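One letter stands for each residue in the lines below.
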Amino acid sequence: MRLLIGALYTFILAAAIGLGSTWIALTHNTGFGTLQIGAWSARPKNGTAGIDPYSRAAIARTGALPVAIGDGVAFVARTDDKGRTLDGRCETVISGSTPAARFFTLTLYDADGKLVANSLDRQGFTSEELLRNQDGSFEVTVAPRARPGNWLPTGGVERYILVMRFYDTSVGVATRAEREAPMPSVRTGACR
Amino acid sequence: MTRWLLWTLAGIILGGIVHLGTILALPRTASQDAYARLAPITAVNTMTPIPRPTAAKALLPFMDPAFAVAVCRYDLGNGPIKLTAPVSQAYTSVTFYTRRDVAYYGINDRAAGRRTIELYLMTTAQHEAMPEDTEVTAADRLIIDAPDSAGLIVIRALSPEPGLMPMAQASVAAARCATQTQ
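Residues numbered from 1 in each chain as written. Chains lettered and ligands numbered in written order. Predicted model: local features only at pLDDT ≥ 70, side-chain atom pairs only at ≥ 80, totals over all residues.

J.: Which residues make up the overall build of chain A, and what values go with them?
T.: The number of helices and strands found in chain A is 2 helices and 10 strands. Scanning chain A from its N terminus toward the C terminus, one meets helices and strands in the order α-β-β-α-β-β-β-β-β-β-β-β. In terms of overall dimensions, chain A has a C-alpha envelope of 80 × 40 × 25 Å along the principal axes. Taking all 192 residues of chain A together, 41% fall into the buried category. The contacts of chain A with a sequence gap of at least 6 include a subset with a gap of at least 24, amounting to 69%. (Helix = DSSP H or I, 4+ residues; strand = E, 2+ residues; numbered from the N terminus. Buried ≥ 20, exposed ≤ 12 C-beta atoms within 10 Å, placed from the backbone. Contact = placed C-beta atoms within 7 Å.)

J.: Give a description of the nonpolar core that names residues and reports values.
T.: Core analysis: the largest hydrophobic core is formed by 94 residues, its most contacted members being B:Val69, B:Leu83, B:Ile153 and B:Ile155. When residues of this core are assigned to their parent elements, the largest contribution, 7 residues, is made by strand E2 (residues 67–75) of chain B. (Core = buried A, V, L, I, M, F, W, Y, C linked by C-beta atoms within 7 Å.)

J.: Residues and numbers for the pairing of strand E4 (residues 90–96) of chain A, please.
T.: Residue and element names in this part refer to chain A. Where E4 lies against strand E10 (residues 185–191), 5 bridges are found, and the strand directions are antiparallel. The residue of E10 that forms the bridge with Ser 95 is Ser 185. As judged from the 5 bridges shared by E4 and strand E7 (residues 138–143), these two strands associate in the antiparallel manner. Directly across from Ile 94, in E7, lies its bridge partner Val 140. (Pairing = 2+ DSSP bridges.)

J.: Lay out the domain arrangement of chain A with the relevant residues and their values.
T.: For chain A, the assigned domains read domain 1 (1–30) and domain 2 (31–191). Here the C-alpha centre of domain 2 of chain A lies 36 Å away from the C-alpha centre of domain 1 of chain A. (Domains from an automatic or database assignment.)

J.: Let's hear about the packing of helix H1 (residues 2–27) of chain A against helix H1 (residues 2–29) of chain B: which residues, and what values?
T.: Following both chains from N to C, one finds H1(A) and H1(B) inclined at 40°, their axes separated by 7 Å at the closest point. Every pair of crossing elements has a handedness; the one defined by H1(A) and H1(B) is right-handed. Facing A:Gly6, A:Tyr9, A:Thr10, A:Leu13, A:Ala14, A:Ala15, A:Ile17, A:Gly18, A:Leu19, A:Ser21, A:Thr22 and A:Ala25 of H1(A), the residues of H1(B) in contact are B:Arg3, B:Trp7, B:Thr8, B:Ala10, B:Gly11, B:Ile12, B:Leu14, B:Gly15, B:Val18, B:His19, B:Thr22 and B:Ile23. Looking at side-chain class alone, the contact of H1(A) with H1(B) contains 13 nonpolar, 10 polar and 1 charged residues. (Axes fitted to C-alpha atoms, helices over the stretch in contact; angles between N-to-C directions. Left-handed = near helix turned anticlockwise from the far one by under 90°. Nonpolar A, V, L, I, M, F, W, Y, C, P; charged D, E, K, R; others polar.)

Now the structure itself:
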């Protein structure tokens, strides 16, 4: 009887630990070989056959198709530079320059990877569309209400994710430092 | 007391095994992965344009809305596949995914180098079975070895500004993938 209770306890504990940790790993963006530059993180290896099991499982769960390394690389920002979660009710400014690439796109998604509805029907910018400063740098304002310049509307959603994808770029598995891949800063300003 | 400590230790170790097992098994059991989502709307070995993602409806999460996309769900059971894709004005890429959505090969228009991207996809066995002389005459043919007989080929064409989207869509719609008959 004691053996049975002990075994039952062990199995319940194992299931709780095992499934719980799997759930946490998949929902908290766990993986190896993350390239972190400011608020932006990328896993160039996700676009290769050498993708790690955690990223594979996370991708299978969401149903997304990763960007292959021969195509480009995707950087994701879930927070601003100070680690504050991106909030669609606040004004957030993305400014600076980007790694060398033939093209890049900046896209705003909700937490599930869906595009966000807004009056302008604008979900992002391509590198060709951005208004730039004379030195080639740019500034995008992500805000619920219209702003002059490059305005990316949030639709007022509570949480959102920014994805910058660089196409035909030298940033890849071998990239290690910010010097090789300068990413724009992400700063949260006033909230509504 | 010691007994319970041992049971707990056993539970933690077993929990670790459960964790690794579920992580490794998940890609095989996921019923809503990209391949499963694309399967109902794509025919085998046929290029199918994918509707542009909108806020209301997107076939896959995290699709880049600046791109026109077409998908070929391939099956190499009846022989190698020839893929042709016209290069769009701005940027075109071709990515090969396994049945489990691993991107094993990606190439863009600059690397492919011509006005039309022309690729041959075959299994390692089919590649080895190719006659020697055709291999020589086809020295400039780009041959890709598929790790598996099933998977996805995704053509993406960039529309640098919204007004150019129809052109990008026409470009991916003109891509072809077909079983090659010698």
